[in-house]
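Secondary and tertiary structure notes
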Amino acid sequence: MIFHFAAIKHIIGGLMANDEQSQTLSGEILGLHEERSTGREEPAGAIASRRRTDHWSHFLSHEWSSALLYLFLDVVSWVAIYRVAGWFRYDAFYATPFQFFIVNLIQLGVIVAALYFVGGYDRTVEKLTLGYAAEHILAVIAAAVVSAMLIYSAATFDQTMKPSRGVLLLSFAIFLPMSLAYRRWIWQYVVASSANRLFLIIGGGAAAARFYEAYRKSPNGQQRLEFVDVNEDRAGQPIAGEGSPIVQGNLAAKLNNLGNRYSGIILAEKAGSLSTRLLERLVHAQFQETRVYTLESFYETHWRYLPLGIVDPFWPLQTGFQLARTSPYHYFKRLFDVVASTTALIVCAPLLVLVPLLIWMEDGSPVFFRQERVGRDGRRFILFKFRTMRRRADQAGEDDIYTREGDRRVTSVGRWVRKLRFDELPQLWNALKGDISLIGPRPEWSKCAARYEQTIPFYHFRHLVKPGITGWAQVNYPYGESDEDAVEKLKYDLYYIRHYSLKLDAMIVLKTLYTMLFGKGR
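Before going into details, it helps to say that this report is about the structure given with it. (Residues numbered from 1 in each chain as written. Predicted model: local features only at pLDDT ≥ 70, side-chain atom pairs only at ≥ 80, totals over all residues. Heavy atoms only, no water.)

1. Details of helix H12 (residues 295-303)
Our working definition: The cut-offs for exposure are 20% and 50% of the maximum accessible area for each residue type, with area from a 1.4 Å probe on protein chains only; residues under the lower value are buried, those over the upper are exposed, and the others partly exposed. We count a stretch as a helix when DSSP gives it H or I for four or more residues in a row; a strand needs E for two or more, and each element gets its number in order from the N terminus. Whether two residues are in contact is decided by their heavy atoms, any of which lying within 4.5 Å being enough.
Taken across its nine residues, H12 has seven buried, putting it largely inside the fold. Looking at H12, one finds that the buried residues are Leu295, Glu296, Phe298, Tyr299, Glu300, His302 and Trp303. For H12, the elements touching its buried residues are strand S1 (198-202), helix H9 (206-216), strand S3 (262-267), strand S4 (292-294) and helix H19 (483-498). Arg304 sits one or two residues past H12 and shows a positive phi near 60°.

2. So, the packing of H9 against H12
Which entries qualify depends on this criterion: Every axis corresponds to a line fitted to the C-alpha atoms, with the helix fit spanning only the stretch in contact, and the corresponding angles, defined between N-to-C directions, vary from 0 to 180 degrees. Here the word oblique covers every angle except those under 35 degrees (roughly parallel), over 145 (roughly antiparallel) and from 65 to 115 (roughly perpendicular). Amino acid classes used here: Ala, Val, Leu, Ile, Met, Phe, Trp, Tyr, Cys and Pro are nonpolar; Asp, Glu, Lys and Arg are charged; the rest, including Gly, are polar.
The N-to-C vectors of H9 and H12 enclose an angle of 10°; their axes lie 12 Å apart at closest approach. Between H9 and H12, the interaxial angle falls into the category roughly parallel. Across the interface between the two elements, Ala207, Arg210, Phe211, Ala214 and Tyr215 from H9 touch Leu295, Phe298, Tyr299 and Trp303 from H12. The residue makeup of the contact of H9 with H12, split by class, is eight nonpolar, no polar and one charged.

3. A short note on the side chain of Arg387
Going by this rule: Under the rule applied, a polar contact is a pair of N or O atoms within 3.5 Å (in protein, one hydrogen donor and one hydrogen acceptor; residues adjacent in sequence only if both atoms are side-chain atoms).
The residue Arg387 is located in the loop between strand S6 (380-386) and helix H15 (412-419) in this model. From its side chain, Arg387 meets the backbone oxygen of Gly364 in a polar contact 2.9 Å long. A polar atom in the side chain of Arg387 sits 2.8 Å from the backbone oxygen of Met389. Residues within four places of Arg387 in sequence aside, it is in contact with Ile359, Asp363, Gly364, Ser365, Pro366, Val367, Phe368 and Phe369.

4. Description of the sheet that holds S1
Hydrogen bonds between backbone atoms are what pair the strands of a sheet, whose relative direction is either parallel or antiparallel. Operational definition: Here a strand pair is declared whenever DSSP counts at least two bridges between the two strands.
With parallel pairing, the four strands of this open sheet are ordered in space as S2-S1-S3-S4. Taken across any chain shown, the strands that pair with only one partner, and hence form the sheet edges, are strand S2 (225-228) and S4. Taking each pair of neighbouring strands and ignoring which way they run, the sheet shows an average axis angle of 25°. In the sheet, S3 pairs with S4 via three bridges, with the strands oriented parallel. Bridge pairing in S4 links Leu267 to Thr294. The strands that H9 touches are S1, S2 and S3; relative to S2, the one it contacts most, it runs at about 175°. Strands S1, S3 and S4 of the sheet are contacted by H12, whose axis makes an angle of about 100° with S4.

5. Considering helix H20 (residues 502-517)
The test is simple: Take the residue count of a helix, subtract one, and multiply by 1.5 Å to get its expected span.
For H20, spanning 16 residues, the distance from its first C-alpha to its last is 23 Å, which sits close to the expected 22 Å at 1.5 Å a residue. Three or more residues of H20 are buried, namely Leu504, Asp505, Ala506, Met507, Ile508, Leu510, Lys511, Thr512, Tyr514 and Thr515. One side-chain oxygen at the N-terminal end of H20 lies 3.3 Å from the backbone nitrogen of Leu504; it belongs to Ser501.

6. Digging into unusual backbone geometry
Between Ser365 and Pro366 the backbone carries a cis peptide bond, its omega angle lying at 0°. Within the secondary structure, Pro366 is located in the loop between helix H14 (349-363) and strand S5 (368-374).

7. Structural notes on the pattern of salt bridges
Our working definition: Any Lys or Arg side-chain nitrogen located within 4 Å of an Asp or Glu carboxyl oxygen qualifies as a salt bridge.
Within the structure shown, the criterion is met by 17 salt bridges. Taking the shortest distance from any N to any O, the salt bridge between Glu372 and Arg380 comes out at 3.2 Å. Here Arg380 falls in the partly exposed class, since its relative accessible area comes to 47%. Salt bridges linked by common partners bring Glu296, Glu300 and Arg498 together as one network.

8. What to know about a nonpolar patch on the surface
Which entries qualify depends on this criterion: Each patch is built from residues lacking any salt bridge and having more than 30% relative accessible area; the joining distance is 9 Å for like charges and 5 Å for nonpolar side chains (Val, Leu, Ile, Met, Phe, Trp, Tyr). Computed with a 1.4 Å probe, the accessible areas rest on the Shrake-Rupley method; for each residue, only the protein chains presented here act as cover.
On the surface, a cluster of nonpolar side chains totalling about 520 Å² of accessible area is made up of Leu354, Leu357, Leu358, Trp360 and Met361. With respect to the helices and strands, the residue Met361 is situated in helix H14.

9. Re the environment of Leu170
Note that Leu170 resides in helix H8 (residues 165-193). Considered as a pair, Leu170 and Tyr82 are 88 residues apart in the sequence and their alpha carbons are 8.5 Å apart.

10. Points about the nonpolar core
Quick reminder of the rule: Throughout, nonpolar core names a set of buried Ala, Val, Leu, Ile, Met, Phe, Trp, Tyr and Cys residues whose side chains join them through atoms within 4.5 Å.
Counting 62 residues, the largest nonpolar core has Ile201, Phe211, Trp472 and Leu494 as its most contacted members. Sort the elements by how many residues they give to this core and H19 lands first, with seven residues. Excluding its chain neighbours within four sequence positions, the residues that come into contact with Phe211 are Ile201, Leu225, Ile266, Leu295, Phe298, Tyr299 and Trp303. By size, the runner-up hydrophobic cluster in this structure holds 39 residues, among which are Val103, Ile186, Val191 and Tyr514.

11. Thoughts on the packing of aromatic side chains
The condition is simple: Working definition: rings of Phe, Tyr and Trp (its six-membered ring) pair if their centres are within 6.5 Å, and the pair is stacked with planes under 30 degrees apart, edge-to-face with planes over 60 apart, and tilted otherwise. Geometrically, a lysine NZ or arginine CZ counts as sitting over a ring once it is within 6 Å of the ring centre and also within 35 degrees of the ring normal.
Tallied over the entire structure, the rule returns 27 aromatic pairs. Measuring from ring centre to ring centre gives 5.4 Å for Phe199 and Phe298, while their planes differ by 85°; the resulting arrangement is edge-to-face. Taken together, the residues span a long stretch of sequence, with Phe199 in strand S1 and Phe298 in helix H12 at a distance of 99 residues. When its relative accessible area of 0% is taken as the criterion, Phe298 is described as buried. Measuring from centroid to centroid gives 6.2 Å for Trp303 and Tyr305, while their planes differ by 20°, and the two rings are stacked. In this structure Trp303 comes out as buried when scored by relative accessible area, which is 10%. You can call Tyr305 buried: its relative accessible area is 12%. Taken together, the aromatic side chains of Phe199, Phe211, Tyr215, Tyr293, Phe298, Tyr299, Trp303, Tyr305, Tyr477 and Tyr492 make up a single cluster linked through ring pairs. Of note, Lys127 hangs over the ring of Tyr132, and the distance from its end group to the ring centre comes to 5.7 Å. When the ring centre of Tyr121 is taken as origin, the NZ or CZ atom of Arg183, which lies over that ring, is 5.1 Å away.

So yeah, pure geometry; function would need other evidence.
Put into structure tokens, the structure is as follows:
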């Protein structure tokens, strides 16, 4: 196990230098087309290379193409690697080729599912970041563990099967860097395919301006935007002040000449304000030309959170929610909480002794921190954590309800315990009791919850699900230390409520492991 952790950190460390370079790569690719227009004569080799790039970019401009290519390469690579690794002892593994086929099918199913959970087939997920690399590695390791469990379980019932642990481990060890490498390579062409394309935003009002500001700060903010006003009242004005794109008119002409110019159309106006003819034209574009997004669907698809500006009191009554009181997954998740919490308490028993001892040696007792939190449907309960702050720190005033970077109230031991998230271990008891789940929105202190409900619109929607030890907001947004951070984290919590599912919970688990392994907590 130590070897595995060391290997993971070594691979991530090697990618870390590339992570900073990846931030500028998109800009370099976007500048490729500008260099072509300078009129300089290109060598024959450069022209041939550019044509190949153009062919790849044209193929990858289709939304389905990158996912299909990733899947094809995953299947071919795995089958080839596993076949070659076991070539010399093939007959010793499986009695018939059919057994070999079934085992490969099981392994591929697990691999594809694991990579799907972390966005390995999603073209909107950037493949060049350190964060994705870590999630990819953890997903493949998880697939290796699950595959081994399934194969060796089957082998106990069929004595003719003799799978080799060495071959299985070697195959995954080769597949891991290879599958990550060709994703990083293909992603560059995915970016190039969008280099000369724009997003067409229909709208020129406050909603469009807010979208522009959010887009400018986003990872894909290098792709250009074109704003067009339906009524042309704001045509000729900058969308969000000096230096921002100018709002244009003549929407009909743009919709009649979509071609390959636009990556998508984003609707920043309410559907009720649009004419029937325009709506029919947008429906035609959605099904036959390019994708049409509402603001809500764009935020959810590309940024995985929900903007509060589109939430209203009837939001939970909309269609599309995967959360329901009678959902089978709701009962499966409770069963998982009980089994996983019990197992984790047993496995982590040494830490449950060591951490309190270190806390006591540095700052005395008590070693546990108890606080009233708010759960599902507003129910109050007492949450347990290891104490990481000095005694009497809980007597701080109203202005000190947040733990900030370099907070002097945090002890030396507490600083490391918080980084590794070991302070959360006692919450396993809360999960076992049913106060919280392992996965869900952060359970807020009752004093904070009362304050937020008075100042943040629709904050009470967080209480539609059980809170959790880890959640979508915790793994996507830094530790909150202000009311503004609470607003930002609510956007992710609402996304979780809307997309409550096994897939999303699996993504959260992998992101949490990344946080724990690399000390990203605070």
